[in-house]
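Geometric and topological summary
Chain by chain, the residues run as shown.
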Amino acid sequence: MPTPAAEFAVDVPLVGALLHDQHPDLADLPLDVVANGWDNVVVRLGDRLAVRLPRRAAAARLIEHEQRWLPEIAGRVAPVVPVPAPVRTGRAALGYPWSWSVVPWLPGVPAGARGGGTRACGDRVAQTLADFLGLLHVPAPAEAPLNSVRAVPLRSRSEAVLARLATADVHRAVELAALWRAAADLPAYAGPPVWVHGDLHPFNLLVEPQQTDPSLTAVVDFGDVTAGDPAVDLATAWLTLDREARGTFRARVAPDDATWGRARGWAVSIGSALHGSDEPWFRAVGRRTIDAVLDD
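Read on for an overview of the structure. Note that the structure is predicted; figures quoted are calculated from it, not measured. (Residues numbered from 1 in each chain as written. Predicted model: local features only at pLDDT ≥ 70, side-chain atom pairs only at ≥ 80, totals over all residues. Heavy atoms only, no water.)

At a minimum axis distance of 7 Å, the contact between helix α9 (residues 257-275) and helix α10 (residues 280-295) shows a crossing angle of 150°. Considered as vectors, α9 and α10 are oriented roughly antiparallel to each other. By crossing handedness, the relation of α9 to α10 is classed as left-handed. Facing Arg-264, Ala-267, Val-268, Gly-271, Ser-272, Leu-274 and His-275 of α9, the residues of α10 in contact are Phe-282, Arg-283, Val-285, Gly-286, Arg-287, Thr-289, Ile-290, Val-293 and Leu-294. (Axes fitted to C-alpha atoms, helices over the stretch in contact; angles between N-to-C directions. Helix = DSSP H or I, 4+ residues; strand = E, 2+ residues; numbered from the N terminus. Parallel < 35°, antiparallel > 145°, perpendicular 65-115°, else oblique. Left-handed = near helix turned anticlockwise from the far one by under 90°. Contact = heavy atoms within 4.5 Å.)

Printed below as a string of structure tokens:
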């Protein structure tokens with residue numbers, strides 16, 4: 001699945017002009033584009049800040065969700081790990097059509113970049129992730145944002161997932177399809193909708209650089225934040241962690257067997273999607289996830 005084309009080109013001159021227009025006290029800080037991802041462009045702003053701007057319309061609504069809900073979530077999870085809650089917000093202007101945010105610059109490198117996507121994380125990350133989710137996974141308010149593709153019953157995603165496994169060049173696709181069907185047949189989540197990150201793969205987790213067993217330094221990209229089944233976030237056990245750390249994580253989170261089974265199904269969904277990416281590191285993480293989820 002190729003990265004979507006940008007619907008609006010974001011570059012340093014545009015970001016500088018937006019800052020001059022709306023946050024002139026920040027406008028003289030140096031700017032450097034550090035990420036041009038699926039949904040957003042991230043521009044580093046000086047040493048301590050970054051500017052996060054949608055590059056396509058589908059992401060504009062997600063930025064607004066972060067602006068509305070992430071300050072509250074940041075306060076909840078702060079005892080464990082920082083998240084990039086906006087410190088300033090921006091509005092559409094100068095031809096740029098969407099809201100945007102100024103966020104803290106958080107230290108670390110993406111966990112998914114370790115070994116070009118081939119190296120999973122160990123016990124230190126597992127323990128912090130479990131504690132982070134323990135604080136995050138609390139009942140959400142009725143007005144929490146809806147997300148039709150995350151934290152929903154697995155059966156509602158079966159058509160899309162099985163189509164991808166049948167039509168795309170996915171590693172061990174037949175085995176994955178069987179595992180997905182078994183997970184989708186498990187009892188659906190019946191508890192109150194809880195806050196979930198929704199996209200807790202290793203490129204949204206920052207870790208210490210150049211460490212054999214690094215610590216988790218930040219959790220980023222809450223664009224898919226929603227309320228529902230916590231199992232979608234538990235899929236990070238296969239996406240991010242090695243086998244031993246996965247055991248540590250499960251023991252600390254202590255999900256029931258059905259929830260763990262649904263989490264394994266979400267790992268099939270997210271891992272196979274990453275495997276179909278045109279980004280080599282994403283593909284490597286996807287392949288590693290597929291082997292982990294099938295060989296456990």
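Here the narrative resumes.
Moving on, we come to the sheet that holds strand β8 (residues 205-207). As summarised here, the arrangement of the three strands in space is β6-β8-β9, forming an open sheet in which the pairing is antiparallel. Both outer strands of the open sheet, β6 (109-110) and β9 (216-219), are each paired with one neighbouring strand and no more. Looking at chain direction, β6 and β8 are connected through two bridges and run antiparallel. Residue pairing across strands places Val-109 opposite Val-207, the latter belonging to β8. Its contacts with the sheet put helix α3 (residues 123-136) on β8 and β9, and the angle it makes with β9 is roughly 35°. (Pairing = 2+ DSSP bridges.)

The next point concerns the packing of aromatic side chains. This model, assessed by the stated rule, comprises seven aromatic pairs. A ring pair is formed by Phe-8 and Tyr-96, whose centres lie 5.3 Å apart and whose planes are at 90°; its orientation type is edge-to-face. Remark: Tyr-96 occurs in the loop between β4 (88-90) and β5 (100-104) and Phe-8 occurs in the segment before α1 (12-22); sequence separation between them is 88 residues. We classify Phe-8 as partly exposed; its relative accessible area is 24%. Looking at Tyr-96, the relative accessible area reads 1%, which means it is buried. Seen in terms of ring centroids, Phe-8 and Trp-98 are 6.4 Å apart; in terms of plane orientation they differ by 70°. Their pairing is edge-to-face. With Phe-8 in the segment before α1 and Trp-98 in the loop between β4 and β5, this residue pair connects regions lying 90 residues apart in the sequence. Judged by its relative accessible area of 15%, Trp-98 falls in the buried class. Linked through ring pairs, Phe-8, Tyr-96 and Trp-98 together constitute an aromatic cluster. Against the face of Trp-69 rests Arg-68, its NZ or CZ located 3.8 Å from the ring centre. (Phe/Tyr/Trp six-rings, centres within 6.5 Å; stacked < 30°, edge-to-face > 60°. Buried < 20%, exposed > 50% of the residue type's maximum accessible area, 1.4 Å probe, protein only. Lys NZ or Arg CZ within 6 Å of the ring centre and 35° of its normal.)

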